[in-house]
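Remarks on the overall topology
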Amino acid sequence: MKDNKMTPVELRATWGLGTVFSLRMLGMFMVLPVLTTYGMALQGASETLIGVAIGIYGLAQALFQIPFGLMSDRIGRKPLIVGGLLIFVLGSVIAASTTSIWGIILGRALQGSGAIAAAVMALLSDLTREQNRTKAMAFIGISFGITFAIAMVLGPIITHALGLHALFWMIALLALCGIAITLFVVPSTPNHVLNRESGMVKGSIRAVLANKRLLKLNFGIMCLHVLLMSSFVALPGEFEQAGFPAEQHWKVYLATMLIAFCSVIPFIIYAEVKRRMKRVFISCVALMLIAEIVLWGAGNHFWTLVIGVQLFFIGFNLMEAILPSLISKESPAGYKGTAMGVYSTSQFLGVAIGGSMGGWLFGHFDAQTVFMAGAVVATLWLLVSTSMKEPPYVSSLRIMLGDKPLDSKKLEQKLLAQPGVSSVFIVPEERSAYVKIDSKVTSRPELEALVATA
(Lines give C-alpha, C1' and ligand atoms only; values in the text may rest on other atoms or scores of the structure.)
Protein backbone atom coordinates (compact mmCIF):
# COMPACT_ATOMS: atom_id res chain seq x y z
CA MET A 1 0.00 0.00 0.00
CA LYS A 2 1.29 3.46 -0.92
CA ASP A 3 2.19 6.06 1.70
CA ASN A 4 -0.58 8.66 1.76
CA LYS A 5 1.29 11.03 4.07
CA MET A 6 2.46 14.16 2.31
CA THR A 7 6.21 14.57 1.92
CA PRO A 8 7.93 17.86 2.92
CA VAL A 9 8.16 18.78 -0.77
CA GLU A 10 4.44 18.17 -1.29
CA LEU A 11 3.58 20.21 1.79
CA ARG A 12 5.78 23.10 0.61
CA ALA A 13 4.19 22.95 -2.83
CA THR A 14 0.64 22.85 -1.45
CA TRP A 15 1.06 25.64 1.11
CA GLY A 16 3.22 27.75 -1.18
CA LEU A 17 0.98 27.59 -4.24
CA GLY A 18 -2.15 27.91 -2.10
CA THR A 19 -0.71 31.12 -0.64
CA VAL A 20 0.25 32.47 -4.08
CA PHE A 21 -3.26 31.77 -5.38
CA SER A 22 -4.86 33.35 -2.30
CA LEU A 23 -2.72 36.51 -2.43
CA ARG A 24 -3.75 37.07 -6.02
CA MET A 25 -7.46 36.41 -5.39
CA LEU A 26 -7.29 38.73 -2.37
CA GLY A 27 -6.34 41.49 -4.79
CA MET A 28 -9.39 40.77 -6.92
CA PHE A 29 -11.94 40.63 -4.13
CA MET A 30 -10.71 43.46 -1.84
CA VAL A 31 -11.74 46.00 -4.47
CA LEU A 32 -15.27 44.62 -4.82
CA PRO A 33 -16.97 46.12 -1.72
CA VAL A 34 -15.29 49.57 -2.00
CA LEU A 35 -14.96 50.57 -5.66
CA THR A 36 -18.59 51.69 -6.00
CA THR A 37 -18.38 54.11 -3.08
CA TYR A 38 -14.76 55.33 -3.00
CA GLY A 39 -14.29 55.12 -6.78
CA MET A 40 -16.92 57.78 -7.45
CA ALA A 41 -14.38 60.43 -6.32
CA LEU A 42 -12.14 59.58 -9.30
CA GLN A 43 -11.98 61.93 -12.27
CA GLY A 44 -14.59 61.02 -14.91
CA ALA A 45 -16.21 58.36 -12.70
CA SER A 46 -19.79 57.25 -13.23
CA GLU A 47 -21.77 54.24 -12.06
CA THR A 48 -21.50 52.71 -15.54
CA LEU A 49 -17.70 53.09 -15.66
CA ILE A 50 -17.36 51.75 -12.11
CA GLY A 51 -19.20 48.65 -13.34
CA VAL A 52 -16.81 48.41 -16.29
CA ALA A 53 -13.83 48.68 -13.88
CA ILE A 54 -15.24 45.81 -11.82
CA GLY A 55 -16.13 43.65 -14.80
CA ILE A 56 -13.11 44.17 -17.07
CA TYR A 57 -10.95 42.11 -14.72
CA GLY A 58 -13.19 39.13 -15.44
CA LEU A 59 -13.17 39.74 -19.19
CA ALA A 60 -9.35 39.74 -19.27
CA GLN A 61 -9.25 36.60 -17.14
CA ALA A 62 -11.75 34.85 -19.43
CA LEU A 63 -9.70 35.74 -22.52
CA PHE A 64 -6.34 34.58 -21.15
CA GLN A 65 -7.33 31.71 -18.82
CA ILE A 66 -7.18 28.85 -21.35
CA PRO A 67 -4.27 30.21 -23.51
CA PHE A 68 -2.08 30.73 -20.42
CA GLY A 69 -2.94 27.24 -19.19
CA LEU A 70 -1.84 25.71 -22.48
CA MET A 71 1.29 27.91 -22.64
CA SER A 72 2.56 26.67 -19.28
CA ASP A 73 3.39 23.31 -20.91
CA ARG A 74 5.73 25.08 -23.35
CA ILE A 75 7.46 27.82 -21.40
CA GLY A 76 7.33 26.28 -17.93
CA ARG A 77 5.03 26.67 -14.93
CA LYS A 78 7.13 29.00 -12.78
CA PRO A 79 8.06 31.46 -15.57
CA LEU A 80 4.40 31.77 -16.50
CA ILE A 81 3.28 32.23 -12.87
CA VAL A 82 5.95 34.89 -12.25
CA GLY A 83 5.17 36.60 -15.57
CA GLY A 84 1.45 36.63 -14.79
CA LEU A 85 2.06 38.08 -11.34
CA LEU A 86 4.34 40.78 -12.82
CA ILE A 87 1.52 41.79 -15.18
CA PHE A 88 -0.79 41.86 -12.16
CA VAL A 89 1.69 44.08 -10.27
CA LEU A 90 1.91 46.46 -13.24
CA GLY A 91 -1.88 46.74 -13.35
CA SER A 92 -2.02 47.37 -9.59
CA VAL A 93 0.66 50.11 -9.81
CA ILE A 94 -1.22 51.83 -12.67
CA ALA A 95 -4.47 51.71 -10.66
CA ALA A 96 -2.67 53.00 -7.55
CA SER A 97 -1.04 55.90 -9.44
CA THR A 98 -4.02 57.23 -11.36
CA THR A 99 -6.61 59.83 -10.44
CA SER A 100 -8.89 58.84 -13.33
CA ILE A 101 -11.47 56.08 -13.62
CA TRP A 102 -9.90 55.20 -17.00
CA GLY A 103 -6.60 54.51 -15.25
CA ILE A 104 -8.42 52.19 -12.86
CA ILE A 105 -10.06 50.41 -15.82
CA LEU A 106 -6.66 49.95 -17.53
CA GLY A 107 -5.09 48.74 -14.28
CA ARG A 108 -7.91 46.27 -13.64
CA ALA A 109 -7.66 44.96 -17.22
CA LEU A 110 -3.93 44.29 -16.73
CA GLN A 111 -4.60 42.67 -13.35
CA GLY A 112 -6.96 40.25 -15.03
CA SER A 113 -4.56 39.57 -17.91
CA GLY A 114 -2.12 37.78 -15.61
CA ALA A 115 -4.19 34.57 -15.61
CA ILE A 116 -2.12 32.11 -13.58
CA ALA A 117 -4.74 29.76 -12.08
CA ALA A 118 -4.23 26.96 -14.62
CA ALA A 119 -0.42 27.17 -14.31
CA VAL A 120 -0.69 27.01 -10.49
CA MET A 121 -2.81 23.86 -10.73
CA ALA A 122 -0.44 22.32 -13.29
CA LEU A 123 2.62 22.99 -11.11
CA LEU A 124 0.80 21.53 -8.11
CA SER A 125 0.14 18.44 -10.21
CA ASP A 126 3.86 18.24 -11.09
CA LEU A 127 4.89 18.41 -7.45
CA THR A 128 2.41 16.03 -5.79
CA ARG A 129 1.89 12.28 -6.09
CA GLU A 130 -1.35 10.84 -7.39
CA GLN A 131 -2.57 9.67 -3.97
CA ASN A 132 -2.11 13.16 -2.46
CA ARG A 133 -3.23 15.33 -5.34
CA THR A 134 -6.90 15.46 -4.35
CA LYS A 135 -5.94 16.73 -0.88
CA ALA A 136 -3.70 19.39 -2.41
CA MET A 137 -6.41 20.54 -4.82
CA ALA A 138 -8.96 20.63 -1.99
CA PHE A 139 -6.64 22.93 -0.01
CA ILE A 140 -6.58 25.37 -2.93
CA GLY A 141 -10.38 25.26 -3.12
CA ILE A 142 -10.79 25.93 0.61
CA SER A 143 -8.27 28.78 0.45
CA PHE A 144 -10.44 30.42 -2.24
CA GLY A 145 -13.44 30.59 0.11
CA ILE A 146 -11.41 31.87 3.06
CA THR A 147 -9.70 34.47 0.85
CA PHE A 148 -13.06 35.78 -0.33
CA ALA A 149 -14.26 36.22 3.27
CA ILE A 150 -11.04 37.98 4.36
CA ALA A 151 -11.11 40.29 1.32
CA MET A 152 -14.70 41.39 1.93
CA VAL A 153 -13.71 42.46 5.47
CA LEU A 154 -10.24 43.92 4.79
CA GLY A 155 -11.20 45.93 1.69
CA PRO A 156 -13.45 48.46 3.47
CA ILE A 157 -11.13 48.70 6.51
CA ILE A 158 -7.98 49.44 4.49
CA THR A 159 -9.71 51.79 2.05
CA HIS A 160 -11.30 53.86 4.84
CA ALA A 161 -8.03 54.10 6.76
CA LEU A 162 -5.61 54.71 3.87
CA GLY A 163 -7.62 55.44 0.72
CA LEU A 164 -8.35 53.61 -2.54
CA HIS A 165 -4.89 54.25 -3.99
CA ALA A 166 -3.23 52.74 -0.92
CA LEU A 167 -5.42 49.65 -1.37
CA PHE A 168 -4.02 49.14 -4.87
CA TRP A 169 -0.44 49.67 -3.62
CA MET A 170 -1.10 46.99 -1.00
CA ILE A 171 -2.49 44.66 -3.68
CA ALA A 172 0.71 45.20 -5.72
CA LEU A 173 2.78 44.36 -2.62
CA LEU A 174 0.79 41.16 -2.06
CA ALA A 175 1.48 40.10 -5.66
CA LEU A 176 5.21 40.78 -5.18
CA CYS A 177 5.07 38.52 -2.11
CA GLY A 178 3.46 35.90 -4.35
CA ILE A 179 6.41 36.17 -6.76
CA ALA A 180 8.89 35.73 -3.90
CA ILE A 181 7.02 32.65 -2.62
CA THR A 182 6.95 31.17 -6.14
CA LEU A 183 10.70 31.65 -6.61
CA PHE A 184 12.02 30.80 -3.15
CA VAL A 185 9.42 28.63 -1.35
CA VAL A 186 7.64 26.58 -4.01
CA PRO A 187 9.90 23.67 -5.10
CA SER A 188 11.10 23.49 -8.70
CA THR A 189 10.74 20.45 -10.91
CA PRO A 190 12.24 19.68 -14.32
CA ASN A 191 9.38 17.30 -15.10
CA HIS A 192 6.05 18.50 -16.47
CA VAL A 193 3.39 15.91 -15.80
CA LEU A 194 0.68 15.86 -18.47
CA ASN A 195 -2.23 15.16 -16.16
CA ARG A 196 -5.67 15.45 -17.71
CA GLU A 197 -7.24 15.63 -14.25
CA SER A 198 -5.60 18.97 -13.40
CA GLY A 199 -4.41 20.43 -16.73
CA MET A 200 -6.11 21.43 -19.95
CA VAL A 201 -5.62 19.41 -23.13
CA LYS A 202 -6.05 21.34 -26.39
CA GLY A 203 -7.97 18.67 -28.28
CA SER A 204 -10.45 18.18 -25.42
CA ILE A 205 -12.00 21.66 -25.35
CA ARG A 206 -14.56 20.98 -28.10
CA ALA A 207 -15.74 17.78 -26.42
CA VAL A 208 -16.22 19.61 -23.10
CA LEU A 209 -18.17 22.43 -24.79
CA ALA A 210 -20.46 19.86 -26.44
CA ASN A 211 -21.34 18.16 -23.13
CA LYS A 212 -24.85 19.35 -22.18
CA ARG A 213 -24.49 18.49 -18.49
CA LEU A 214 -21.26 20.48 -18.22
CA LEU A 215 -22.81 23.37 -20.20
CA LYS A 216 -25.57 23.72 -17.59
CA LEU A 217 -22.98 23.83 -14.79
CA ASN A 218 -20.90 26.40 -16.70
CA PHE A 219 -24.06 28.48 -17.15
CA GLY A 220 -24.55 28.15 -13.38
CA ILE A 221 -21.12 29.48 -12.37
CA MET A 222 -21.54 32.32 -14.88
CA CYS A 223 -24.91 33.27 -13.34
CA LEU A 224 -23.47 33.04 -9.82
CA HIS A 225 -20.79 35.62 -10.61
CA VAL A 226 -23.17 37.80 -12.61
CA LEU A 227 -25.25 38.01 -9.42
CA LEU A 228 -22.20 38.61 -7.19
CA MET A 229 -20.71 41.43 -9.26
CA SER A 230 -23.96 43.18 -10.19
CA SER A 231 -25.20 43.08 -6.61
CA PHE A 232 -22.00 44.58 -5.26
CA VAL A 233 -22.18 47.45 -7.73
CA ALA A 234 -25.41 48.49 -5.98
CA LEU A 235 -25.09 47.22 -2.40
CA PRO A 236 -22.52 49.64 -0.90
CA GLY A 237 -24.57 52.65 -2.00
CA GLU A 238 -27.75 51.11 -0.62
CA PHE A 239 -26.13 50.63 2.79
CA GLU A 240 -25.06 54.28 2.77
CA GLN A 241 -28.60 55.36 1.82
CA ALA A 242 -29.82 53.32 4.80
CA GLY A 243 -27.59 55.41 7.08
CA PHE A 244 -24.76 52.88 7.42
CA PRO A 245 -21.43 54.60 6.58
CA ALA A 246 -18.94 52.98 4.16
CA GLU A 247 -16.27 52.54 6.84
CA GLN A 248 -18.64 50.28 8.80
CA HIS A 249 -19.61 47.96 5.94
CA TRP A 250 -16.97 45.39 6.89
CA LYS A 251 -18.96 44.57 10.03
CA VAL A 252 -21.93 43.39 7.95
CA TYR A 253 -19.68 41.36 5.64
CA LEU A 254 -17.81 39.77 8.58
CA ALA A 255 -20.97 38.74 10.42
CA THR A 256 -22.80 37.45 7.34
CA MET A 257 -19.77 35.54 6.01
CA LEU A 258 -19.16 33.81 9.37
CA ILE A 259 -22.81 32.78 9.64
CA ALA A 260 -22.78 31.64 5.99
CA PHE A 261 -19.66 29.48 6.47
CA CYS A 262 -21.19 27.72 9.46
CA SER A 263 -24.58 27.33 7.75
CA VAL A 264 -23.38 25.64 4.56
CA ILE A 265 -21.43 22.78 6.17
CA PRO A 266 -24.51 20.61 6.98
CA PHE A 267 -25.86 21.13 3.45
CA ILE A 268 -22.55 20.11 1.85
CA ILE A 269 -22.47 16.95 4.00
CA TYR A 270 -26.10 16.18 3.15
CA ALA A 271 -25.47 16.68 -0.58
CA GLU A 272 -22.37 14.47 -0.70
CA VAL A 273 -23.02 11.80 1.94
CA LYS A 274 -26.76 11.38 1.37
CA ARG A 275 -26.29 11.87 -2.38
CA ARG A 276 -28.90 14.58 -2.71
CA MET A 277 -26.81 16.95 -4.83
CA LYS A 278 -29.56 18.00 -7.25
CA ARG A 279 -32.01 18.78 -4.44
CA VAL A 280 -29.47 20.95 -2.61
CA PHE A 281 -28.38 22.62 -5.86
CA ILE A 282 -31.91 23.66 -6.86
CA SER A 283 -32.66 24.83 -3.31
CA CYS A 284 -29.50 26.92 -3.41
CA VAL A 285 -30.48 28.62 -6.69
CA ALA A 286 -33.93 29.31 -5.22
CA LEU A 287 -32.23 30.89 -2.18
CA MET A 288 -30.21 33.18 -4.47
CA LEU A 289 -33.47 34.21 -6.17
CA ILE A 290 -35.08 34.95 -2.79
CA ALA A 291 -32.00 36.99 -1.78
CA GLU A 292 -32.27 39.15 -4.92
CA ILE A 293 -36.00 39.68 -4.32
CA VAL A 294 -35.35 40.69 -0.68
CA LEU A 295 -32.65 43.16 -1.79
CA TRP A 296 -34.96 44.45 -4.54
CA GLY A 297 -37.67 45.26 -2.00
CA ALA A 298 -35.39 46.43 0.83
CA GLY A 299 -35.23 50.12 -0.13
CA ASN A 300 -33.51 52.04 2.66
CA HIS A 301 -34.34 49.50 5.39
CA PHE A 302 -30.98 48.49 6.89
CA TRP A 303 -31.97 45.16 8.45
CA THR A 304 -33.82 44.02 5.32
CA LEU A 305 -30.60 44.68 3.37
CA VAL A 306 -28.65 42.64 5.94
CA ILE A 307 -31.12 39.75 5.61
CA GLY A 308 -30.76 39.88 1.83
CA VAL A 309 -26.94 39.88 2.07
CA GLN A 310 -27.07 37.00 4.55
CA LEU A 311 -29.25 34.87 2.28
CA PHE A 312 -27.01 35.78 -0.67
CA PHE A 313 -23.79 34.69 1.05
CA ILE A 314 -25.29 31.41 2.26
CA GLY A 315 -26.29 30.61 -1.31
CA PHE A 316 -23.01 31.89 -2.78
CA ASN A 317 -20.73 29.95 -0.41
CA LEU A 318 -22.74 26.76 -0.81
CA MET A 319 -22.71 27.05 -4.61
CA GLU A 320 -18.94 27.74 -4.66
CA ALA A 321 -18.48 24.42 -2.82
CA ILE A 322 -20.98 22.38 -4.84
CA LEU A 323 -20.21 23.49 -8.42
CA PRO A 324 -16.56 22.29 -8.63
CA SER A 325 -17.65 18.95 -7.14
CA LEU A 326 -20.35 18.65 -9.81
CA ILE A 327 -17.87 19.46 -12.59
CA SER A 328 -15.62 16.68 -11.29
CA LYS A 329 -18.54 14.23 -11.21
CA GLU A 330 -19.94 15.12 -14.63
CA SER A 331 -16.71 15.44 -16.62
CA PRO A 332 -15.84 12.33 -18.68
CA ALA A 333 -12.77 10.32 -17.64
CA GLY A 334 -9.63 12.16 -18.76
CA TYR A 335 -11.44 15.48 -19.32
CA LYS A 336 -11.60 16.94 -15.80
CA GLY A 337 -8.71 19.40 -16.23
CA THR A 338 -10.15 20.81 -19.45
CA ALA A 339 -13.64 20.91 -17.93
CA MET A 340 -12.29 22.95 -14.98
CA GLY A 341 -10.54 25.31 -17.41
CA VAL A 342 -13.78 25.99 -19.31
CA TYR A 343 -15.58 26.31 -15.95
CA SER A 344 -13.11 29.00 -14.80
CA THR A 345 -13.51 30.87 -18.07
CA SER A 346 -17.31 30.81 -17.59
CA GLN A 347 -16.85 32.11 -14.05
CA PHE A 348 -14.85 35.12 -15.24
CA LEU A 349 -17.29 35.80 -18.07
CA GLY A 350 -19.87 36.09 -15.31
CA VAL A 351 -17.63 38.63 -13.53
CA ALA A 352 -17.38 40.66 -16.75
CA ILE A 353 -21.11 40.53 -17.51
CA GLY A 354 -22.17 41.17 -13.91
CA GLY A 355 -19.93 44.18 -13.37
CA SER A 356 -20.81 45.81 -16.69
CA MET A 357 -24.53 45.04 -16.47
CA GLY A 358 -24.77 46.18 -12.87
CA GLY A 359 -22.90 49.42 -13.57
CA TRP A 360 -25.02 50.27 -16.61
CA LEU A 361 -28.32 49.57 -14.84
CA PHE A 362 -27.22 51.44 -11.70
CA GLY A 363 -26.06 54.43 -13.78
CA HIS A 364 -29.17 54.65 -15.96
CA PHE A 365 -31.81 53.54 -13.45
CA ASP A 366 -31.30 52.68 -9.77
CA ALA A 367 -30.19 49.95 -7.33
CA GLN A 368 -33.64 48.35 -7.34
CA THR A 369 -33.35 47.79 -11.09
CA VAL A 370 -29.99 46.05 -10.54
CA PHE A 371 -31.55 43.67 -8.01
CA MET A 372 -34.58 43.13 -10.24
CA ALA A 373 -32.25 42.15 -13.09
CA GLY A 374 -30.49 39.83 -10.64
CA ALA A 375 -33.83 38.21 -9.83
CA VAL A 376 -34.43 37.66 -13.57
CA VAL A 377 -30.98 36.03 -13.96
CA ALA A 378 -31.65 33.82 -10.91
CA THR A 379 -35.05 32.82 -12.35
CA LEU A 380 -33.45 31.77 -15.65
CA TRP A 381 -30.84 29.81 -13.69
CA LEU A 382 -33.56 28.10 -11.66
CA LEU A 383 -35.39 27.06 -14.84
CA VAL A 384 -32.18 25.57 -16.27
CA SER A 385 -31.41 23.85 -12.96
CA THR A 386 -34.74 22.02 -12.83
CA SER A 387 -33.81 20.24 -16.07
CA MET A 388 -30.57 18.90 -14.57
CA LYS A 389 -30.25 15.21 -13.82
CA GLU A 390 -28.90 13.75 -10.57
CA PRO A 391 -25.11 13.56 -11.05
CA PRO A 392 -23.17 10.30 -10.95
CA TYR A 393 -21.55 10.02 -7.52
CA VAL A 394 -18.09 9.21 -8.80
CA SER A 395 -14.53 10.41 -8.29
CA SER A 396 -11.82 10.92 -10.91
CA LEU A 397 -8.55 8.99 -10.63
CA ARG A 398 -5.37 8.78 -12.70
CA ILE A 399 -3.65 5.40 -12.42
CA MET A 400 -0.02 5.15 -13.57
CA LEU A 401 0.57 2.14 -15.81
CA GLY A 402 4.34 1.67 -15.41
CA ASP A 403 6.78 0.84 -18.20
CA LYS A 404 5.88 -2.76 -19.06
CA PRO A 405 4.08 -3.49 -22.36
CA LEU A 406 0.30 -3.36 -22.12
CA ASP A 407 -2.78 -4.24 -24.11
CA SER A 408 -4.92 -1.09 -23.74
CA LYS A 409 -8.18 -2.74 -24.82
CA LYS A 410 -7.73 -5.70 -22.50
CA LEU A 411 -6.79 -3.45 -19.57
CA GLU A 412 -9.80 -1.22 -20.21
CA GLN A 413 -12.13 -4.23 -20.15
CA LYS A 414 -10.52 -5.50 -16.97
CA LEU A 415 -10.93 -2.15 -15.21
CA LEU A 416 -14.54 -1.76 -16.37
CA ALA A 417 -15.31 -5.22 -14.97
CA GLN A 418 -14.25 -4.02 -11.51
CA PRO A 419 -17.31 -3.16 -9.34
CA GLY A 420 -17.59 0.59 -8.81
CA VAL A 421 -15.79 1.60 -12.03
CA SER A 422 -18.09 3.55 -14.36
CA SER A 423 -15.72 4.66 -17.15
CA VAL A 424 -12.11 4.24 -18.27
CA PHE A 425 -9.95 6.29 -20.64
CA ILE A 426 -6.46 4.90 -21.33
CA VAL A 427 -3.75 7.10 -22.89
CA PRO A 428 -0.81 4.80 -23.76
CA GLU A 429 1.58 7.66 -24.61
CA GLU A 430 1.06 9.10 -21.13
CA ARG A 431 1.26 5.63 -19.52
CA SER A 432 -1.95 6.57 -17.70
CA ALA A 433 -5.47 5.28 -17.15
CA TYR A 434 -8.11 7.85 -16.24
CA VAL A 435 -10.90 6.18 -14.28
CA LYS A 436 -14.23 7.28 -12.78
CA ILE A 437 -15.10 5.31 -9.65
CA ASP A 438 -17.70 5.10 -6.90
CA SER A 439 -15.44 5.47 -3.87
CA LYS A 440 -17.98 3.62 -1.69
CA VAL A 441 -17.45 0.51 -3.82
CA THR A 442 -13.79 0.55 -4.88
CA SER A 443 -10.60 2.52 -4.23
CA ARG A 444 -7.29 3.60 -5.75
CA PRO A 445 -5.22 0.81 -4.06
CA GLU A 446 -7.57 -1.85 -5.43
CA LEU A 447 -7.29 -0.50 -8.98
CA GLU A 448 -3.52 -0.09 -8.74
CA ALA A 449 -3.25 -3.71 -7.62
CA LEU A 450 -5.46 -4.72 -10.54
CA VAL A 451 -3.25 -2.81 -13.00
CA ALA A 452 -0.08 -4.30 -11.52
CA THR A 453 -1.35 -7.85 -12.25
CA ALA A 454 -2.65 -7.02 -15.75
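Calculation rules
Residues numbered from 1 in each chain as written. Predicted model: local features only at pLDDT ≥ 70, side-chain atom pairs only at ≥ 80, totals over all residues. Heavy atoms only, no water. pLDDT = per-residue confidence, 0-100. Helix = DSSP H or I, 4+ residues; strand = E, 2+ residues; numbered from the N terminus. Salt bridge = Lys/Arg side-chain N within 4 Å of Asp/Glu carboxyl O. Contact = heavy atoms within 4.5 Å. Patch = residues over 30% accessible without salt bridge, like charges linked within 9 Å, V, L, I, M, F, W, Y side chains within 5 Å. Areas by Shrake-Rupley, 256 points an atom, 1.4 Å probe, with all protein chains shown as cover. Lys, Arg positive; Asp, Glu negative; His and termini not counted. Charge placed at Lys NZ, Arg CZ, Asp CG, Glu CD. Expected span 1.5 Å × (residues − 1). Buried < 20%, exposed > 50% of the residue type's maximum accessible area, 1.4 Å probe, protein only. Phe/Tyr/Trp six-rings, centres within 6.5 Å; stacked < 30°, edge-to-face > 60°. Polar contact = N/O pair within 3.5 Å; in protein donor to acceptor, adjacent residues only side chain to side chain.

Attention now moves to the confidence of the model for the chain. The share of residues in the chain with pLDDT of 70 or more is 96%, and the mean pLDDT across the chain is 86. Model confidence for the chain, summarised as mean pLDDT per element, is weakest for helix H6 (residues 117-127) at 80 and strongest for helix H15 (residues 367-386) at 95.

Another aspect to go through is the pattern of salt bridges. Enumeration according to the criterion identifies four salt bridges in this entry. Where Arg213 meets Glu330, a salt bridge forms, and the shortest distance between an N and an O atom there is 3.1 Å. With Arg213 in helix H10 (residues 212-241) and Glu330 in helix H13 (residues 302-330), this pair connects stretches of sequence that are 117 residues apart. The salt bridge partner of Asp438 is Arg275, with a shortest N-O separation of 2.9 Å.

Quick look at the side chain of Asn317 now. Position of Asn317 relative to the elements: it lies in helix H13. Setting aside residues up to four positions removed in sequence, Asn317 forms contacts with Met257, Ala260, Phe261 and Val264.

So, about a positive patch on the surface. A grouping of Lys274, Arg276, Arg279 and Lys440 is seen on the molecular surface, where their side chains present a positively charged patch. If you trace the backbone, Arg279 turns up in helix H12 (residues 277-298).

Quick reminder: α-helices carry 3.6 residues per turn. Residues three or four places apart thus point the same way. The end-to-end C-alpha separation of helix H1 (residues 8-30) is 32 Å, in line with the 33 Å expected for 23 residues at 1.5 Å each. Here H1 lies mainly inside the structure; 17 of its 23 residues are buried.

All right, on to the packing of aromatic side chains then. Applying the stated criterion to the full structure yields 16 aromatic pairs. On the numbers, 6.0 Å between centres and 75° between planes, the contact of Phe148 with Phe313 is edge-to-face. Here Phe148, found in helix H7 (residues 130-162), pairs with Phe313, found in helix H13; they are 165 residues apart in sequence, far enough to count as distant. Using a relative accessible area of 0% as the deciding quantity, one classes Phe313 as buried. Feature note: the residues Phe29, Phe148, Phe232, Tyr253, Phe312, Phe313 and Phe316 constitute an aromatic cluster, connected by ring pairs.

Okay, the side chain of Thr442 next. Position of Thr442 among the secondary structure elements: in the loop between strand E3 (432-437) and helix H17 (444-452). The exposure class assigned to Thr442 is buried, which follows from its relative accessible area of 2%. Side-chain polar atoms of Thr442 contact the side chain of Gln418, separated by 3.5 Å.

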